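For reference, the chains in residue letters:
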Amino acid sequence: MTLSRRTLLKGLGAGALIGVAGCKARIDARTDPLILNAASAEAPLLGEIEAGTPVWAYNGSVPGPTLRAPRGGQIAARLENGLEQPTSIHWHGVRLANAMDGVVGMTQDAVEPGAGFDYRFMCPDAGTYWYHSHNRSWEQVARGLYGVLIVEDEEPAPVDREITLTLDDWRLDAGGAIHESFGALHDWAHGGRMGDWITVNGGPPGDIALRAGERVRLRVLNVATARIFAIAVEGHAAQVASIDGFAVAPFAPEESVLIGPGQRVDFVLDATGEPGARYGLMDDAYDDAQPISFFAYSDEPPLRDQFDDGVPRLGERRAPGTLDLSEPLAGDLVMEGGAMGGMAQAMLGGEMKGMRELARAGRVWALNGVAGDLDKPLLSAKRGRTVVVNMVNDSAWPHVMHLHGHHFTVLTIDGAPAHGAGEIWRDGHLMMPRSRATIAFQATNPGKWYFHCHMLGHQAGGMRTWIEVA
Ligand code: C2O
Ligand code: CU
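Residues numbered from 1 in each chain as written. Chains lettered and ligands numbered in written order. Predicted model: local features only at pLDDT ≥ 70, side-chain atom pairs only at ≥ 80, totals over all residues. Heavy atoms only, no water.

**Some details on the overall build of the chain**
For clarity, the cut-off: Helix numbers and strand numbers start at the N terminus; a helix is a DSSP run of H or I with at least 4 residues, a strand a run of E with at least 2. The size measure is the radius of gyration over C-alpha atoms, and the globule rule it meets is 2.2 Å times the number of residues to the 0.38 power. In this scheme, a residue with accessible area under 20% of its type's maximum is buried, one over 50% is exposed, and one in between is partly exposed, where area comes from a 1.4 Å probe on protein chains only. His residues and chain termini do not enter the charge count, which takes Lys and Arg as positive and Asp and Glu as negative. For the purpose of locating charges, the reference atoms are NZ of Lys, CZ of Arg, CG of Asp and CD of Glu.
Within the chain, the secondary structure is distributed over 4 helices and 33 strands. Computed over C-alpha atoms, the radius of gyration of the chain comes to 21 Å, within 12% of the 23 Å expected from 2.2 N^0.38 for 470 residues, which places it in the range of a compact globule. In terms of overall dimensions, the chain has a C-alpha envelope of 70 × 55 × 55 Å along the principal axes. Taking all 470 residues of the chain together, the buried fraction comes to 59%. Once the 40 positive and 57 negative side-chain charges of the chain are each reduced to a mean point, those two points are 5 Å apart.

**Observations regarding the domain arrangement of the chain**
Rule in force here: For the domain bounds, the source is a domain assignment made automatically or taken from a database. Residue contacts follow a heavy-atom distance rule, with two residues in contact if any of their heavy atoms lie within 4.5 Å. Accessible area that two parts lose when put together, evaluated with a 1.4 Å probe and summed over both, is termed the buried area.
Partitioning the chain into structural domains gives domain 1 (13–152), domain 2 (161–297) and domain 3 (329–469). Computed over C-alpha atoms only, the centres of domain 2 and domain 3 are separated by 26 Å. Counting residues at the interface gives 20 residues for domain 2, matched by 27 residues for domain 3. Counting each side, the surface lost to burial between domain 2 and domain 3 is near 1900 Å², with a carbon and sulfur contribution of 68%.

**Some points on the nonpolar core**
Note the cut-off: To qualify as a nonpolar core, a set must consist of buried Ala, Val, Leu, Ile, Met, Phe, Trp, Tyr and Cys residues joined through side-chain atoms within 4.5 Å.
Judged by nonpolar contacts, the single largest core of 91 residues is most densely connected at Trp91 and Phe451. If near-sequence neighbours (up to four positions away) are discounted, Trp91 is found in contact with Leu36, Leu67, Ala77, Leu96, Met100, Asp101, Tyr119, Phe121, Trp130, Tyr131 and Leu149. Of all hydrophobic cores here, the second largest spans 33 residues; its members include Ile208, Val216, Val220 and Ala224.

**Considerations on the sheet that holds strand E18 (residues 264–270)**
The line we're drawing: Whether two strands pair comes down to DSSP finding at least two bridges between them. Inter-axis angles, ranging from 0 to 180 degrees, are taken between N-to-C directions of lines fitted to C-alpha atoms, where helices are fitted over the stretch in contact.
One open sheet accounts for 6 strands, arranged E11-E10-E13-E18-E15-E16; its pairing is mixed. Both outer strands of the open sheet, strand E11 (197–200) and strand E16 (246–251), are each paired with one neighbouring strand and no more. Across the sheet, the mean angle separating the axes of adjacent strands is 25 degrees when strand polarity is ignored. In terms of strand pairing, strand E15 (residues 239–243) meets E18 through 4 bridges, oriented antiparallel. Bridging from a neighbouring strand, Gln239 pairs with Val268 of E18.

**So, the pattern of salt bridges**
Formally: The salt bridge definition used is simple: a Lys or Arg side-chain nitrogen within 4 Å of an Asp or Glu carboxyl oxygen.
Scanning all chains against the criterion turns up 24 salt bridges. The partner of Glu162 in a salt bridge is Arg68, and the shortest N-O contact between them spans 2.7 Å. Here Glu162, found in strand E10 (residues 161–170), pairs with Arg68, found in strand E4 (residues 66–70); they are 94 residues apart in sequence, far enough to count as distant. Taking the relative accessible area as the measure of exposure, Glu162 reaches 29% and is therefore partly exposed. Here Asp207 ties to Arg278 by a salt bridge, and the two come within 2.6 Å at their closest N and O atoms. Linking Asp207 in strand E12 (residues 207–210) with Arg278 in strand E19 (residues 278–283), this pair joins segments that are 71 residues apart in sequence. Relative accessible area serves as the criterion here: at 45%, Asp207 is assigned to the partly exposed category. Arg278 sits in the partly exposed class, given a relative accessible area of 47%.

**Examining the side chain of Gln140**
Considering the arrangement of structural elements, one finds Gln140 in helix H1 (residues 137–140). In contact with Gln140, not counting residues within four places along its chain, are Trp56, Leu83, Gln85, Pro86, Thr87, Ser133, Asn135 and Leu145.

**Quick look at the packing of aromatic side chains**
The geometry of two aromatic rings is summed up by the distance between their centres and the angle between their planes. Note the cut-off: Aromatic rings from Phe, Tyr and Trp, taking only the six-membered ring of Trp, are treated as a pair when their centres fall within 6.5 Å; an angle between ring planes under 30 degrees marks them as stacked, one over 60 as edge-to-face, and anything in between as tilted.
A full pass over the atoms with the stated rule returns 8 aromatic pairs. Consider the rings of Tyr58 and Tyr131, whose centres lie 5.4 Å apart with planes at 45 degrees: the pair is tilted. On the criterion of sequence distance, the pair formed by Tyr58 in strand E3 (residues 53–58) and Tyr131 in strand E8 (residues 127–133) is long-range, its members being 73 residues apart. Across this residue pair, the class does not change: Tyr58 and Tyr131 are buried. Ring centres of Trp91 and Tyr131 lie 5.5 Å apart, and the angle between their planes is 35 degrees; this geometry places the pair in the tilted category.

**A few points about the coordination of the copper ion (ligand 2)**
For a metal with four donors in a tetrahedral arrangement, the ideal angle between donors is 109.5 degrees, while six donors in an octahedron ideally sit at 90 or 180 degrees. Put simply, the rule is: Only nitrogen, oxygen and sulfur atoms qualify as donors, and only when within 2.8 Å of the metal (3.2 Å in the case of Na, K and Ca); with water excluded, sites may look incomplete.
For the copper ion (ligand 2), the protein coordination sphere consists of His399 (ND1), Cys453 (SG) and His458 (ND1), at 2.0 to 2.1 Å. Of note, the copper ion (ligand 2) draws all its donor residues from one chain, in the sequence arrangement H-x53-C-x4-H. Highlighted residues: His399 in strand E27 (residues 399–403) and His458 in helix H4 (residues 456–460), separated in sequence by 59 residues. In this structure His399 comes out as buried when scored by relative accessible area, which is 0%. Among the residues examined, His458 registers a relative accessible area of 0% and is labelled buried.

**Some thoughts on the sheet that holds strand E32 (residues 447–453)**
With respect to topology, 5 strands assemble into an open sheet ordered E25-E33-E32-E27-E30, the strand pairing being mixed. Bordering the open sheet on either side are strand E25 (379–381) and strand E30 (428–431), each of which pairs with just one other strand. Taking the axes of each pair of neighbouring strands and ignoring which way they run, one obtains an average angle of 20 degrees across the sheet. Pairing of E25 with strand E33 (residues 464–469) involves 3 bridges; the strand directions are parallel. Along E33, the bridge assignment pairs Leu379 with Ile467.

**What about the side chain of Ser88?**
Heads up, the rule is: Nitrogen and oxygen atoms within 3.5 Å of one another constitute a polar contact, given that in protein one can donate a hydrogen and the other can accept it, and given that sequence-neighbouring residues count only through two side-chain atoms.
As for its placement among the helices and strands, Ser88 is situated in the loop between strand E5 (74–81) and strand E6 (89–92). Taking the relative accessible area as the measure of exposure, Ser88 reaches 0% and is therefore buried. Within polar-contact distance, the side chain of Ser88 engages the backbone oxygen of Gly102 at 2.7 Å. Excluding residues that lie within four positions of it along the chain, Ser88 makes contacts with Tyr58, Leu79, Gly102, Val104, Gln108, Tyr119, His132, Ser133, His134 and Asn135.

Here's what the structure looks like:
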């Protein structure tokens, strides 16, 4: 029997409890002066009737305020650091100016406690994005420093309504507080710091109201620092219509849709269920399918009797570049390390080190034999050049490779043409253990672009590099 890629995930994660909350604060970046204050807060992770859980949050809520901007519009936000450690904000997936990318040590200095930083950038593409801390992100994001960023098309999407579902997991102690197990090498060398309490929009399991006969856009974001979700809507044929913000020709997935840390998938959900019925939002990434919240139909009569026109596209989107695959700038990216990976040594600080020494330095992963040193870029491309990266996951764990400042297309997976090659553009690719993938993009955006695993403990543990566009 051969294991499917999907079953390779089963058993890798901890079983999870489930934990859905209503609307959070919403800010329209067109009209409101926007201040994002990063500070301690209490969030109803366990539900409104339980005591709040101490978290770190933007403007006191988890997720932070949902930001909206029109396509081609500008976001101007001031980060104020009310934390006791330095921080920054990265605008995940937005093809923005390099100086606004928020990568501490690469595109900006850390924002010290009490200090601030003004971010101002243009949003070239409509879609579902998010923002999060990019300093000690393995701790800061896990404590709640993230929010949703929605860039709206000029043309409204052909749906009745949209619902945003921000999926996260939390490792809580017996008292319901965030477990202080940050930076544990054991987690980093395995699947990352997985939590066992799942929240949707910062709260425990709950009902998401739906009316029969309505067509809904579901924006699903995985903001967890390690956990993969595999999502399906019980009893419905939800179609995938956007990946990492990029509108695609809608298609009905054959099985639940894998969403790795940092990734976004927008579904078009036609409410074909019965008034009064409930259907689970199911997750079966590591275990048998379980609901992580419920779609609860009202008793109202159906909004329409049938959906006749097929699922429409959520807007047109131009490719973020043109590929010239005849003579690309090509490079390999071999990912190794972690538990059961067999890595014996890697470069650290310019010297070859054995595993024991690497572990002592908190580096348990390597890319091309380098455990997290950032002195040289993986590749240095002239602006306009097509870049191809042959990625090999030579480890026993899944990884999500995320590229800043660009969207890439996956050309092949394990040597076979990938679904949507040259048509689907994304900023993160989830790679199964012992698998390969070739990605390509046009280096259109000048700067130093961080390229790393979005399992944030893996990133801190060495799975990081960068690509230079000159
Ligand atoms: Cu969402 Cu480099 O990060
Ligand atoms: Cu990883």
